[in-house]
Amino acid sequence: LHLSLRRQRQMCIRDRHGQNQRFESLVVMIDDTAGQLGRLFGELGELGVNVEDLRLEHSPGAQFGLAEISVEPAALHGAITGLQERGWRIAGTTND
């Protein structure tokens, strides 16, 4: 699994109006079992975190994958704290 977060401190994503917006990313380890991605999104929603972008990394046969989630900078700390309190493992952030 390859992470490019150390090369890039912030992601710049074009919104639907063509303007650049800055987002922060966190990488969550996700077990390769049914329903885990849905659970992750559900819990982010309960925390009030809007997912701006998502990238998944998974190798065939691996027991887990990595979900790189882009959020508004103001939501990053709450997302990390809230997910950790719910048992999710955070593999990294754009601040690492």
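By convention here, each chain's residues receive numbers from 1 onward along its written sequence. Under the rules for a predicted model, residues below a pLDDT of 70 receive no local features and side-chain atom pairs below 80 are neither given nor counted, while totals for whole chains, interfaces and linings still include all residues. Excluding hydrogens and water, the side-chain values take into account all heavy atoms of the structure.

A. Structural detail: the pattern of salt bridges. Salt bridge, as used here, is a side-chain nitrogen of Lys or Arg placed within 4 Å of a carboxyl oxygen of Asp or Glu. Tallied over the full model, the rule gives five salt bridges. Linking R89 and D31 is a salt bridge whose minimum nitrogen-to-oxygen distance equals 2.9 Å. With a gap of 58 residues between them, R89 in strand β5 (residues 89-93) and D31 in strand β2 (residues 20-31) connect regions that are remote in the sequence. Residue burial is assigned from relative accessible area. The probe radius is 1.4 Å, only protein chains are included, and a residue is buried under 20% of its type maximum, exposed over 50%, and partly exposed in between. Exposure remark for R89: the relative accessible area of 39% places this residue in the partly exposed category. A run of H or I in DSSP becomes a helix once it reaches four residues, and a run of E becomes a strand once it reaches two; helices and strands are each numbered from the N terminus.

B. A look at helix α1 (residues 36-46). Those residues of α1 that sit buried are Q36, L40, E43 and L44. For α1, the buried positions fall inside an angular range of 105° around the axis, keeping them on one side. Every exposed residue of α1 that faces more than 90 degrees away from the buried side is listed here: G38 and E46. Following α1 by one or two positions, G48 adopts a phi angle in the positive range, close to 80°. Here the arc refers to the set of directions running from the helix axis out to each C-beta atom.

C. Representation of the nonpolar core in the model. Buried Ala, Val, Leu, Ile, Met, Phe, Trp, Tyr and Cys residues that are joined via side-chain atoms within 4.5 Å together make up what is termed a nonpolar core. One finds L26, V28, L40, L44, I69 and L83 to be the most contacted residues of the largest nonpolar core, which totals 14 residues. For this core, the secondary structure elements donating two or more residues are β2, α1, β4 (64-71) and α2 (76-85). For this core, the element with the highest residue contribution is α2, accounting for four residues. Any two residues whose heavy atoms approach within 4.5 Å are treated as being in contact. If near-sequence neighbours (up to four positions away) are discounted, I69 is found in contact with E24, S25, L26, V28, L40, L44, V51, D53 and L54.

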